[in-house]
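Residues per chain, in single letters:
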Amino acid sequence: MYKECSCPKTRCKRDGDCEKCEAYHRDRNNLPYCRREKSFIVKMLSKNK
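Read on for an overview of the structure. (Residues numbered from 1 in each chain as written. Predicted model: local features only at pLDDT ≥ 70, side-chain atom pairs only at ≥ 80, totals over all residues. Heavy atoms only, no water.)

## Brief notes about the overall build of the chain
In step 1: Scanning the chain from terminus to terminus reveals two helices and zero strands.
In step 2: Looking at the 49 residues of the chain, the share that counts as buried comes to 14%.
In step 3: Put simply, the chain shows about 4800 Å² of open surface, and 53% of that area lies on carbon and sulfur atoms. (Helix = DSSP H or I, 4+ residues; strand = E, 2+ residues; numbered from the N terminus. Buried < 20%, exposed > 50% of the residue type's maximum accessible area, 1.4 Å probe, protein only. Areas by Shrake-Rupley, 256 points an atom, 1.4 Å probe, with all protein chains shown as cover.)

## Focus on the packing of aromatic side chains
In step 1: With the rule as written, the count across this model stands at zero aromatic pairs.
In step 2: Geometry around Y24 places R14 over its ring, the cationic atom sitting 3.6 Å from the centre. (Phe/Tyr/Trp six-rings, centres within 6.5 Å; stacked < 30°, edge-to-face > 60°. Lys NZ or Arg CZ within 6 Å of the ring centre and 35° of its normal.)

## Quick word on the side chain of R14
In step 1: Locating R14 in the fold gives a position in the segment before helix 1 (18–27).
In step 2: No salt bridge is formed by the buried R14, whose closest oppositely charged neighbour, D17, lies at an N-O distance of 8.6 Å. (Lys, Arg positive; Asp, Glu negative; His and termini not counted. Salt bridge = Lys/Arg side-chain N within 4 Å of Asp/Glu carboxyl O.)

## Some thoughts on the pattern of salt bridges
In step 1: The tally for this structure, following the rule as stated, stands at one salt bridge.
In step 2: Here R35 makes a salt bridge to E22, at a shortest N to O gap of 2.5 Å. With R35 in the loop between helix 1 and helix 2 (40–47) and E22 in helix 1, this residue pair connects regions lying 13 residues apart in the sequence.
In step 3: You can call R35 exposed: its relative accessible area is 53%.
In step 4: Residue E22 is classed as partly exposed on the basis of its relative accessible area of 24%.

Set out below in structure tokens:
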């Protein structure tokens, strides 16, 4: 199932496949890009739009 993915690693073999991506990151005890808390700078830039 392909879904629009916000991860900048577009060449990743799991790009767009949320289930595989989440399983991959869960095995490594970290969060996928789309689930991580956004940085201060990203939050400020998105408010200015």
